[in-house]
Amino acid sequence: DEISNVKMHLSFGERNAFALVLFMYDALKENPDLIVLDDPISSFDKNKKYAIIDMLFRKEKSSFRGRTVLFLTHDIEPIVDMVYQHTDRFEKPFASFMENNEGQLKEKEIEKSDIKTFIDVVEGNMNSDSHELNKLVHLRRFYEVTNDKSLGYQLISNLLHKRNPPRFKSTDKNREMTEDEKERAIIEIKLKVDIFDYDNMVELVNDDPRMIELYNNSDSNYEKLHIYRIIFDNKEESIESDVILKFINESCHIENNYIFQLDPCCYQLVPQYVIDECNRCIDKVT
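All values reported here derive from a predicted model rather than from experimental measurement.

A.B. asks: Would you take a moment to explain a nonpolar patch on the surface for this structure?
C.D. replies: Together, Leu34, Val36, Leu70 and Leu72 give the surface a local cluster of nonpolar side chains, amounting to about 330 Å² of exposed area. For valine 36, the location among the structural elements is in strand β1 (residues 35-38).

Spelled out as structure tokens, the structure:
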């Protein structure tokens, strides 16, 4: 029967997906020189995002394949899929990162080599010519993502909280680090950041004018955020914006959405409809 009220039968996401399909076929019919898709996938989960990208750009005839499309999105998944993972499935797009700085748009191309694993990013930054403090921030991220809560991790955490003398913390202990523990931590950190000197670095992070100079000289907003966080450690009352305070408090963990995940052997992260399609293929073989 004919459906008289679509809203009664389709969810908000399903209506968005259906509207996108209708737009695609309308655009193919009108055959314009340029097609603009303004963030069409951000409201969908990861699996639907790929299915929509596949529908829009992969098919030879009934898709936008081979046409000029300006695709704007906040999501990294299409870049990973089309530029890095599945270059055999999609025509290689020109991908770029757009930055809005006080109304001035900057465009930076994204190549396959620019898409890295989290560990590659951290190790690359530790081996860069950046300031020693920034390298230590990235090393702490490395410790965190590898779940390494060693003495090195503890000493860097003490540094970022401007503690001197440093403290040793565990589930049942909160005491001052021994000189032996501090020395072992320094040796461990020097394997990654060879010029590390805890006493000199503690003096730096407690010197606001020098930290502000370091902040102003940094070209990386991510590193600026960490420096800002250190400067305002124990000065939260001076920060008027709760939004800024949230970013400061979580700056060390800002990538958690991309780092942590459920065990796919314990949780059904692969949707059942994908398995249903696999089952149908298996049935044809058997």
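This is not the end of the story, as more comes after the structure.
A.B. asks: What is the right way to read the packing of aromatic side chains from this model?
C.D. replies: Two aromatic rings are characterised by how far apart their centres lie and by the angle between their planes. This structure, assessed with the given rule, holds eight aromatic pairs. With centroids separated by 6.3 Å and ring planes inclined at 85°, the aromatic side chains of tyrosine 50 and phenylalanine 90 adopt a geometry described as edge-to-face. With a gap of 40 residues between them, tyrosine 50 in helix α2 (residues 46-57) and phenylalanine 90 in the loop between α3 (77-85) and β3 (96-101) connect regions that are remote in the sequence. By relative accessible area, phenylalanine 90 is classed as buried at 3%. Here the aromatic residues Phe23, Phe57, Phe64 and Phe71 are joined through ring pairs into a cluster of three or more. Directly above the aromatic system of tyrosine 84 lies the positively charged group of lysine 112, at a separation of 5.7 Å from the ring centroid. It is lysine 224 that lies over the ring of tyrosine 215; its NZ or CZ is 4.3 Å from the centre.

About the thresholds
- Residues numbered from 1 in each chain as written.
- Predicted model: local features only at pLDDT ≥ 70, side-chain atom pairs only at ≥ 80, totals over all residues.
- Heavy atoms only, no water.
- Patch = residues over 30% accessible without salt bridge, like charges linked within 9 Å, V, L, I, M, F, W, Y side chains within 5 Å.
- Areas by Shrake-Rupley, 256 points an atom, 1.4 Å probe, with all protein chains shown as cover.
- Salt bridge = Lys/Arg side-chain N within 4 Å of Asp/Glu carboxyl O.
- Helix = DSSP H or I, 4+ residues; strand = E, 2+ residues; numbered from the N terminus.
- Phe/Tyr/Trp six-rings, centres within 6.5 Å; stacked < 30°, edge-to-face > 60°.
- Buried < 20%, exposed > 50% of the residue type's maximum accessible area, 1.4 Å probe, protein only.
- Lys NZ or Arg CZ within 6 Å of the ring centre and 35° of its normal.

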